[in-house]
Every structure is written in C-alpha cells, then in structure tokens.
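One-letter residues, chain by chain:
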Amino acid sequence: MQPQNEVGVTSKAKLWAALLCVLLLIVVTFVVLRSGDRPYAKLRNPDLEYLKAVNTVTPPKDPELLFILMTEFANSNLQDEGAEFFSARLRKFEPQLTPVQKSLYLAIIGLLRAQHASSVPLLKRYGYVKDTIATLDQAKQLSGGQVFVVNWIAGVVHTKLPGYFHQREAAHGELAWCLEHADKAPHPAWLREVYYHLGKLALNDGDTAKAQEYLRRSGYSDFDRRITLATPFSENRASGHAFAPRRITEVVPGRVYALSGFEFTEYYFVVSKDRHQLISIDAGTRPDFAKGAYEALQAFAPGLPPMTTVFITHAHWDHVGGHSYFRGLNPRPKFYGRGNYQEEFEKEFNGPEVFAKQFFGERFSSEDVLSYKPDITIDNRTDLTIGGSKFELIPVRGGETHDAMLIYLPDEKVMFMGDVIMPYLGAPFVEEGDLQGLFDAIDLIVRRNPQHLLHGHEPLTRVFSSPLILSHLNTDLAWLRDQVLTAIRRGDERAAIHESNLIPPDLLAHQPDAHQPYYILREHVIDRIYDQNVGYWEANLQGLAHPGRLDRAELLADVGAGTVRSSGVDVGVGGGRGSEERSEERSGGGLGGGILGNIAMSFM
Ligand SMILES: [Zn+2]
Ligand SMILES: [Zn+2]
C-alpha cells in the first residue's frame, strides 16, 4: 500500500503557519451521504475525553493534536458532536488564531459535517451539505489555497459528493494541487488517497484507463473502499509493517545517517571523524532488509568507508535479525551488545508467534534472531574511540527490555535510544517492560542533554524528540503510576482506571510539548502496571473462569433472547463446558487482525 518510495533529505521544520511537517496519523472512515445504521461508541472514551481536554485549554501548539481529535470523533461515530466541539473552540479562540489556524479548524468542521450528513433528515440534508461546502470554501480562502491538509480534505469530500452539488471540478483542482505540491504533504503517504480519489473522478468521467492508472499509483486494489487512510504506516505480506515511507536523512551532515521506512525498524549509520570507518546502530530484522538498507545508503552517499562496528541497542527480533548480513561483509565488523541478551531472547520467544510474520513479513525467521551473539559484551558504562569519534556505551534496564544499551556521541550530541521508550512499555504481547527502568534511563539521557534523540522506530523519534519532553514524562508517569497503584489496591477494574481519564495536574496548563507523548503512553502504561500488579484472579473475581469467544457469543444470544439470569461470574463458570471442536474454533480467526488493528490505531 505504499504509493511511492521516495528517498531524499527531509526538512525538519515544524511550524504552525507553514504546516509543511504536520505529521499526522489519520485513520478515518468516510461515509458521506450514505444512510444506514451507525452504532455508537461507548459513552466514556478516555482517549476522546483526554484529547478534548487538551484542545480546550488553548489552541494546541502542535496542530497534529487537532487532527488526532478529529479522527477520534470520527472513529467513535460522534461526528456531529465533533463538529460542534470544533465550532465552539473556533469561536472561543478566534481572536488569537492566524488565518491558517482558522482554516484548519474549518476544514476539520467541514470533514466531520460531511461524514455526519447521512444522519441528517432527508429534507434538511441538501441545505446541510451546502453549508458544509461553504465551510470548506471558507477554509480554502483563509489558507490562501496553499495548505496541503485543507486542499486534501476539500478534494476528498468534494469527490464523494453526488453530481448535483457540482463539486467535481473543485475536487479535481484540489487533488491536482496536492499532486503538484506533494512536497507540502506531511508525508508522501498522503498521496495514496489523492491518487485514489483522482481515479474515482476519472472513473466517473468514463475514462477507465486513466482511472486504473491512478488506482495503481494509489496502491489500492479496487475502487470499493469505505476507509480513507492518511497514515504513514504501510503493510505488505512479503515485507511486513513499515512505520513511514522510505527516506534517508542526514542527521549530522556527512556523519550520521538515518534510514526510515525500509522495514519495521530504523537503520542508523555513523561515519567516524577520520572518515575511515562506518559504524552501524543495530542490524534490522532480516538479512535481506539489512542488505537493502545498506545498499540504499551506499547509493545515497557513495564512497563510504567500510563498516567496522555494529552497536546493538537490545536483542529484540527487529534489532538483531539482520545481523548475518553485516557479519558476511568484508572486513567482518565487530558486534558490541549486552551480555544478558539471552534473557531477552527467552522472554520474546515465549510470547505468541502470531505477530512475527505480520510485523516482519513472510520470510522472517526466528533463527536469524537466535543466531545473534555479540563479539564484545558491554555490562558497564564504557567509553570507546573509533576512527577519532567518541562513543559512550551506557547499559540501562530501559523501559522495554533489561538488555538495553544507549549509545551516545558526546561531540555530536546524538543519543541512539534503541527502544528505551516504547509506548507499550515492552512489546505488548510479551511479558516485559519496566517503568522504573524507563525513569532511570530518562534521568541518564536528560543529564547529557542531547540535541538529537534517535529511536529504534520512526514515530518514536518524531514524538519523543527532546530531553524536555522526557523530563516532563518522568514527572507525569510517576504521578500516573501512583494513581494506578492506588486504584489497583482499591480493587478498581482496569477499564475503570482507563475511564477515569487520568491527567497529571501540571500537564494541560504548563507542558504543551508533552500533550501528545503522554497521550500515547498513558493507555499502555496503565495496562502494563495493571498486568504486573494484579494476579490472574482480579478483585472483582474476573479471571476465576475462562469463558471463550463462543461462550461469550452464546451469552449475547441468551441476552438477546432474554434468558440470562446469572451474574458474570456464573457465566464464566458455565463457560468451561466447551467441546474439543469449540476450543479449536476459539483459537482460530480474528485474533491477530484485531490486535494488530488496535496497535495501528493507537500507536501514533
Ligand atoms: Zn524493542
Ligand atoms: Zn524495536
């Protein structure tokens, strides 16, 4: 589903007004002018409540928070409430907003209204849609027609309107503008929908050949889709998951290279000061991926010195699985890693295997991981000089794994973070994660005050981007931990802890940089603390019995038929009666897709 793999140096600007680098993850379902039953999400969605709180105090410093809230309203089927919410904020903040900021609010209101149109009574719908078109027009005027996200929203909505609204030409213009100004998109994957919708327009004009060409460029297989994606993520059966479109960035010109989107994991390469040695940070997930990334780097920066050294940040699948490719190079590089890597192997390979090929592609092999062994083990803080470049190797327990190693370039002020800050606090399907380890690691990092924090995965580099954010998180997450532990002792259910929408006292008013990072961590930190502190019998007696999916389905059927008399616990006990065939069915279908879906939705 990746439309184009573009390799080039990226801009780092991230400004309200320019909006060139609004890095968005939007997974939105558009159902424009289509009637039908639309189930409503549960009433107290803690993510929605948190994002509303953040967007209420002041216009967010990072406009991405507007779009994440828009997406949350849309995915909760609360478009009407969302349009009202943003309209009220626009009225309140109007005197302090720039025209471009106003255009973003209006584009969001237009989009949510368009999605809500199918629920408007038929007699009022025509007028409602006309007003929505006017809202989008106003957004375009205020933006001077120069803001990618505004044109993208207008183009997508206008394409979906029935012909009698006469917006096809406008749609064409807006989408064509997006194509011409692809460099203004938050990231190249936004073009996926531009191609798709241009294809729709061509189809409508009867130009099948053109439509098919646009469809091919969109990466989609047909025109029958109800989901609209603006996520940088891509999925592919052969190559697995990538968090971002491909690109190579010179973090320190000529010295430190970052390769994104070549697979699940980032690649980093350092050229030594004397330019005689190349050092790699980590080794990717598969030997073929490591080869692809290494060759792309050489094409990007010809004449690089030979690779002599590989530093391993931790022994997760996706950081050592490609080691055999680097080992096969001539000369053979030396691997430095933690001595306790095998403890980590035990943890990661005790978890369910279902995720591996989905994340890392069909050809992923656990043997490629398990054959890893460092040449030199590092278990104490170590200073090294390689080709005139100073490296500080700092073993930490980390937030994610106990075999973590930070790699710091003091002269360049670059910190290679590995997965020390992983929002799931450890892989979510593995029994690991250490909040105190995260706090200790953050202290070490903040004390060095690095200029660049380069994480093992692109979204982490984007979100957890400064020592200031990390120090805020230390305070906020310590507060969260206390709240969660108190709730656990009280016997609160996990769902109740989430629903209480825990927001640290200082966050909203004084830590704008931490609004999104805390949001991304909160859900998973609660889950991990709960998992690590509650036994398999929970305070409300859940966990005493083991109802499977079929048992729950039967229960729902019974509720529907009005025959249920007993409490949840009784149902659980009754649930043990499944036959052999049933348990096979239970262990089948759905699980991987559902959980992967959740990860994709919440990991922004
Ligand atoms: Zn990891
Ligand atoms: Zn990783």
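Residues numbered from 1 in each chain as written. Chains lettered and ligands numbered in written order. Predicted model: local features only at pLDDT ≥ 70, side-chain atom pairs only at ≥ 80, totals over all residues.

This part takes up helix H6 (residues 148-160). The end-to-end C-alpha distance of H6, which contains 13 residues, comes to 19 Å, matching closely the 18 Å that a straight helix rising 1.5 Å per residue would cover. Along H6, 13 of the 13 residues are buried, which leaves the element largely enclosed by surrounding structure. (Helix = DSSP H or I, 4+ residues; strand = E, 2+ residues; numbered from the N terminus. Expected span 1.5 Å × (residues − 1). Buried ≥ 20, exposed ≤ 12 C-beta atoms within 10 Å, placed from the backbone.)

Below, the discussion takes up the confidence of the model for the protein. Averaged over every residue, the pLDDT of the protein is 87; residues scoring 70 or more account for 86%. Scored below 50 in pLDDT, residues 1-41 makes 104 contacts in the model with residues more than four places away or belonging to other chains. Overall, residues 566-604 carries pLDDT values under 50, and its contacts beyond four positions in sequence, including any with other chains, amount to 40 contacts. (pLDDT = per-residue confidence, 0-100. Contact = placed C-beta atoms within 7 Å.)

Before going further, it helps to spend a moment on the packing of helix H4 (residues 99-116) against helix H5 (residues 122-143). Between H4 and H5, whose axes approach to 8 Å, the crossing angle comes to 160°. With respect to their mutual orientation, H4 and H5 come out roughly antiparallel. Here H4 and H5 pass one another in a crossing that is left-handed. Residues Pro-99, Val-100, Lys-102, Ser-103, Leu-106, Ala-107, Ile-109, Gly-110, Arg-113 and Ala-114 of H4 form the contact with H5, whose participating residues are Thr-132, Thr-135, Leu-136, Gln-138, Ala-139, Leu-142 and Ser-143. The residue makeup of the contact of H4 with H5, split by class, is 9 nonpolar, 6 polar and 2 charged. (Axes fitted to C-alpha atoms, helices over the stretch in contact; angles between N-to-C directions. Parallel < 35°, antiparallel > 145°, perpendicular 65-115°, else oblique. Left-handed = near helix turned anticlockwise from the far one by under 90°. Nonpolar A, V, L, I, M, F, W, Y, C, P; charged D, E, K, R; others polar.)

With that out of the way, let us pick up the pairing of strand E12 (residues 382-386). Where E12 lies against strand E13 (residues 389-396), 5 bridges are found, and the strand directions are antiparallel. Bridged to Leu-384 within E13 is Phe-391. Counted along the chain from E12 to the antiparallel partner E13, the turn is 2 residues long, and its residue Gly-387 has a positive phi close to 55°. (Pairing = 2+ DSSP bridges.)

The strand order E5-E6-E7-E8-E9-E10-E11 describes an open sheet built from 7 strands, whose pairing is mixed. Pairing within the sheet leaves two strands with one partner each, and these edge strands are strand E5 (247-252) and strand E11 (376-377). Here E5 pairs with strand E6 (residues 256-260) via 5 bridges, running antiparallel. Bridged to Arg-247 within E6 is Ser-260.

The buried fraction of strand E15 (residues 414-418) amounts to 5 of the 5 residues, a majority that puts the element mostly inside the structure. Residues Val-414, Phe-416 and Gly-418 line one face of E15 and the alternating positions Met-415 and Met-417 line the opposite face, and both faces are buried. Alignment of strand E14 (residues 404-409) against E15, held across 3 bridges, turns out to be antiparallel. Bridging from a neighbouring strand, Ile-407 pairs with Phe-416 of E15. Pairing of E15 with strand E16 (residues 452-455), which is carried by 4 bridges, proceeds in the parallel orientation. Directly across from Gly-418, in E16, lies its bridge partner His-455. Each parallel crossover has a hand, and the one from E15 via helix H16 (residues 435-448) to E16 is right-handed. (Right-handed = clockwise from strand over helix to strand, strands pointing away.)

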